[in-house]
Amino acid sequence: QKEVEQNSGPLSVPEGAIASLNCTYSDRGSQSFFWYRQYSGKSPELIMFIYSNGDKEDGRFTAQLNKASQYVSLLIRDSQPSDSATYLCAVNIEPTGTASKLTFGTGTRLQVTL
Amino acid sequence: DAGVIQSPRHEVTEMGQEVTLRCKPISGHDYLFWYRQTMMRGLELLIYFNNNVPIDDSGMPEDRFSAKMPNASFSTLKIQPSEPRDSAVYFCASSLAGAVGNEQFFGPGTRLTVL
C-alpha cells in the first residue's frame, strides 16, 4: 500500500464547476497535510496546508481533513482553465512548526474545460 | 529573492558518465531537500539536510548517488556512474524551520536524460 494515494485522473470539470480532489494516507501519526499545484513542465508550488480536522478555506480553495478516516481533500470552486494542472497531496508526520520530510502522492491531473 | 536556483536546467549524458546537479537554496533557509520526479513513481524524496547536515538519506536509491552541502548556500547531488533509469526531473527545495505551513519552495528542476 502506498503511503499517500491519489487518483491519477484526469479529472475533467467544466469551467465554473467545483473540482473535488481526494487523497488518502496510511500513517495515522501524520500531523500536517499539504496541497501543491504543478503546472506541466514547472515545479510544485504550495496552495494550502491544513493541520486540524475540518475545513480550511482560502479564496476559491477549501481543504478538508478527516484524520479518523485518514482522508484529505481539496475543493476548487468556480474552476477556471488556469486551474488545469496536477495537484499533489503531501503528508508530514512531524508536528506543526517542524520542517521535515514530506511524502507526496503521485498527483491528480485536473482539466478544466471551456 | 531569486528563489531556489538549480543548474543545469537540462542535462543529457551517456550511461556511465558522472553527473553533478547543483542547488542554491533561498538565503536564510535552514532545510534543503533533493527530490526526483518520474511519471511512474511521482515525486520522491532522496535526501534532506538541516543546517548543512544530512538528516535522512533513506531515499537515496543506491551507492551511485551522493549528496553534499558544504555550506548554507550550496548543495550538490552526484550520480556516478549514471544509468538510463536515472532519467528524471530532479528538484531541489528549501524551507525555513518554524515558518507557517512549513512551506517548501521548489527550484525549477534539472531534467536529466541518460542515454
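Residues numbered from 1 in each chain as written. Chains lettered and ligands numbered in written order. Predicted model: local features only at pLDDT ≥ 70, side-chain atom pairs only at ≥ 80, totals over all residues. Heavy atoms only, no water.

**Considering the packing of aromatic side chains**
Each aromatic ring pair is specified by the distance between its two centres and by the angle formed by the two planes. Taken as a whole and assessed by the stated rule, the structure comprises 13 aromatic pairs over all chains. Grouping aromatic residues by their ring pairs yields a cluster made of A:Tyr36, A:Phe104, B:Tyr31, B:Phe33, B:Tyr35, B:Tyr48, B:Phe91 and B:Phe106. Of note, A:Lys56 hangs over the ring of A:Phe49, and the distance from its end group to the ring centre comes to 3.5 Å. (Phe/Tyr/Trp six-rings, centres within 6.5 Å; stacked < 30°, edge-to-face > 60°. Lys NZ or Arg CZ within 6 Å of the ring centre and 35° of its normal.)

**Details of the nonpolar core**
Ranked by internal contacts, the top residues of the largest apolar core, which has 23 residues, are A:Phe33, A:Trp35, A:Val72, A:Leu74, A:Ile76, A:Tyr87 and A:Leu110. Mapped by element, the contributors of at least two residues to this core are β3 (19–25), β4 (32–38), β5 (45–50), β7 (61–66), β8 (71–76), β9 (85–92) and β11 (108–113) of chain A. Among residues more than four places away in sequence, those in contact with A:Tyr87 are A:Gln6, A:Leu21, A:Trp35, A:Tyr36, A:Arg37, A:Ile47, A:Leu74, A:Ile76, A:Gly107, A:Thr108 and A:Leu110. Counting residues in each nonpolar core, the second largest holds 21 residues, with B:Val19, B:Leu21, B:Trp34 and B:Ala67 among its members. (Core = buried A, V, L, I, M, F, W, Y, C linked by side-chain atoms within 4.5 Å. Buried < 20%, exposed > 50% of the residue type's maximum accessible area, 1.4 Å probe, protein only. Helix = DSSP H or I, 4+ residues; strand = E, 2+ residues; numbered from the N terminus. Contact = heavy atoms within 4.5 Å.)

**Concerning the interface of chain B and chain A**
Quite often, the size of an interface is put as the accessible area lost when its parts meet. Contacts between the two partners involve 24 residues from chain B and, on the opposite side, 21 residues from chain A. Taken together, the two surfaces of chain B and chain A that pack against each other cover about 1,700 Å², and 55% of this comes from carbon and sulfur. Scanning the region where chain B abuts chain A turns up zero salt bridges. Of all the elements in the fold, those that place two or more residues in the side of chain B that touches chain A are β4 (31–38), β5 (42–50) and β9 (88–95) of chain B. Split into classes, the residues belonging to the side of chain B that touches chain A amount to 12 nonpolar, nine polar and three charged. (Buried area = accessible area lost by both parts, 1.4 Å probe. Salt bridge = Lys/Arg side-chain N within 4 Å of Asp/Glu carboxyl O. Nonpolar A, V, L, I, M, F, W, Y, C, P; charged D, E, K, R; others polar.)

**Observations concerning the side chain of B:Thr110**
Residues and elements named next belong to chain B. Relative to the elements of secondary structure, Thr110 occurs in strand β11 (residues 110–114). By relative accessible area, Thr110 is classed as buried at 0%. Residues in contact with Thr110, not counting those within four places in the same chain, are Gln6, Ser7, Pro8, Arg9, Leu21, Ala88, Val89 and Tyr90.

**Details of the state of the cysteines**
In the structure shown here, the tally under the stated rule is two disulfides over all chains. Through a disulfide, A:Cys23 is tied to A:Cys89; the S-S separation comes to 2.1 Å. Taking the torsion about the S-S bond as the criterion, the A:Cys23 to A:Cys89 disulfide, at about -75 degrees, is left-handed. Highlighted residues: A:Cys23 in strand β3 and A:Cys89 in strand β9, separated in sequence by 66 residues. Through a disulfide, B:Cys23 is tied to B:Cys92; the S-S separation comes to 1.9 Å. Between B:Cys23 and B:Cys92, the S-S dihedral sits near -65 degrees, and the bridge is therefore left-handed. Of this pair, B:Cys23 sits in strand β3 (residues 19–24) while B:Cys92 is found in strand β9, placing the two residues 69 residues apart along the sequence. (Disulfide = S-S within 2.5 Å.)

**Quick look at the environment of B:Thr38**
Position of B:Thr38 relative to the elements: it lies in strand β4. Aside from chain neighbours lying at most four places away, what touches B:Thr38 is B:Ser87 and B:Ala88.

**Focus: the sheet that holds strand β1 (residues 4–5) of chain A**
Residue and element names in this part refer to chain A. Spatial ordering of the open sheet is given by β1-β3-β8-β7-β6, a layout of five strands whose pairing is antiparallel. The outermost strands of the open sheet, each flanked by one partner alone, are β1 and β6 (54–58). Relative to β3, β1 runs antiparallel, the two sharing two bridges. Residue pairing across strands places Val4 opposite Tyr25, the latter belonging to β3. (Pairing = 2+ DSSP bridges.)

**Overview of the pairing of β7(A)**
All names here are of chain A. Taken together, the five bridges between β6 and β7 define a ladder with antiparallel strand orientation. Bridge assignment links Glu57 to a residue of β7, and that residue is Thr62. Here β6 folds back onto β7 in antiparallel fashion, the turn holding two residues, of which Gly59 has a positive phi close to 65 degrees. A loop of four residues connects β7 with β8, the two strands running antiparallel in sequence, and Gln70 in this loop sits at a positive phi of about 55 degrees.

Such coordinate-based values are descriptive only and should not be taken to indicate function.
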